Amino acid sequence: MRVPPGPTPVAGGTAELLGDADRDGAWVLMVNGTPQSHVDLDDPAHLEFEYVRRMGHVLDLAAEPGAALDVVHLGGGALTLPRYVAVTRPGSRQRVVEIDEPLTGLVREYLPLPRNARIRVRAADAREALQSMHPGSTDVVITDVFAGARTPGHLTSAEFAGEVARVLRPGGVYAANVADGPPLRFARAQVATLRTAFRHVCLLAEPGTMRGRRFGNLVAVASDAELPVAALTRACARDPMPSRVVEGADLDRFVGRAQPVTDADAQPSPEPPEGVFGR
């Protein structure tokens, strides 16, 4: 592959691809100085970031091993999870929505996709693109969208959750990156919000983040069908950085009195503290 350039202007600021000193063939996408994605070109099934591995567990359990899926990715970055699906579930049809077209161009030029990957990238706002999709047209929706270091408010509301539910097939699964810190008000409200659109919701999180000790990435998982909680629990426990699966009565206690968020009162996710995520 060609050697990537240095800092490059993109729509969201400045992007740079840095080689991973610990893994030959691996690269980190930095956006405005923050690590945004990690890609191993020699082993696309390797997921470096902890929360991305949790999303990988969700994808692994969304169907029988190796079965092809239709997946919508809201937020593209370096296309880490689309690459993962392409090699672990060959033949999958994947649609990626990434508003930063110059960023996608940089990634595709210098970090080539796996051979025969059926990945189509569209430059658009995530919610507008979702609203244009047909009902019941996909098996999985993944949301990992940031403007700067925050998830935009219009992707956190009950109306948005309803759109996700609309495009999923029966039994389809939704997974969202939820960035939050003490006292986890945003995460609690996000679970309450997802419960307005889905019968089953659980939360995957590193224990320290779950207890409100530090800022971090939680993964919210939702479906109209019963979730594979036992299998998710085993996968999260085996991870190099083990995480918890919170559901049922424990999730009720976590949500407490938090209320669902609507378009009228939606806010972006909290700003990470100084020093978090390399900032």
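Quick caveat, the model's predicted, so the values are computed rather than measured. (Residues numbered from 1 in each chain as written. Predicted model: local features only at pLDDT ≥ 70, side-chain atom pairs only at ≥ 80, totals over all residues. Heavy atoms only, no water.)

## Some details on the overall build of the protein chain
Point 1. Within the protein chain, the secondary structure is distributed over nine helices and twelve strands.
Point 2. Its C-alpha radius of gyration of 18 Å places the protein chain within 12% of the 19 Å reference for a compact globule of 279 residues.
Point 3. In terms of overall dimensions, the protein chain has C-alpha extents of about 50 × 40 × 40 Å along its principal axes.
Point 4. Across the 279 residues of the protein chain, 53% fall into the buried class.
Point 5. Summing over all exposed atoms, the protein chain offers an accessible surface of approximately 12,500 Å²; the carbon and sulfur share of this is 50%.
Point 6. In the protein chain, which carries 30 positive and 34 negative side-chain charges, the distance between the mean positions of the two groups comes to 4 Å. (Helix = DSSP H or I, 4+ residues; strand = E, 2+ residues; numbered from the N terminus. Rg over C-alpha atoms; globule rule 2.2 N^0.38 Å. Buried < 20%, exposed > 50% of the residue type's maximum accessible area, 1.4 Å probe, protein only. Areas by Shrake-Rupley, 256 points an atom, 1.4 Å probe, with all protein chains shown as cover. Lys, Arg positive; Asp, Glu negative; His and termini not counted. Charge placed at Lys NZ, Arg CZ, Asp CG, Glu CD.)

## Re the environment of His 46
Point 1. Its place among the elements puts His 46 in the loop between β4 (34–40) and α1 (50–60).
Point 2. For the pair His 46 and Thr 80, spaced 34 residues apart in sequence, the C-alpha separation works out to 9.1 Å.
Point 3. Dropping the residues within four chain positions of it, His 46 is found in contact with Arg 23, His 38 and Asp 40.
Point 4. Of the polar contacts made by the side chain of His 46, one reaches the side chain of Glu 48; its length is 2.6 Å. (Contact = heavy atoms within 4.5 Å. Polar contact = N/O pair within 3.5 Å; in protein donor to acceptor, adjacent residues only side chain to side chain.)

## Describing the nonpolar core
As a rule of thumb, soluble globular proteins bury nonpolar side chains together.
Point 1. Core analysis: the biggest nonpolar cluster contains 37 residues, and Leu 74, Tyr 174, Leu 203 and Phe 254 have the highest contact counts within it.
Point 2. Secondary structure elements with two or more residues in this core: β5 (70–74), α4 (126–131), α5 (158–167), β9 (168–180), α6 (185–194), β10 (200–205), β11 (216–223) and α9 (248–255). (Core = buried A, V, L, I, M, F, W, Y, C linked by side-chain atoms within 4.5 Å.)

## So, the environment of Val 229
Point 1. Take Val 229: it is sitting in helix α8 (residues 229–238).
Point 2. Spatially, the C-alpha atoms of Val 229 and Gly 76 are 27 Å apart, while their sequence positions differ by 153 residues.
Point 3. If sequence neighbours within four positions are ignored, Val 229 has contacts with Val 245 and Glu 247.

## Observations regarding the pairing of strand β7 (residues 118–122)
Point 1. Inspection of the sheet shows strand β6 (residues 93–97) paired to β7 by five bridges, in the parallel sense. What sits directly across from Val 97, in β7, is Arg 122.
Point 2. On the question of chirality, the crossover connecting β6 to the parallel β7 by way of helix α3 (residues 101–110) is right-handed. (Pairing = 2+ DSSP bridges. Right-handed = clockwise from strand over helix to strand, strands pointing away.)

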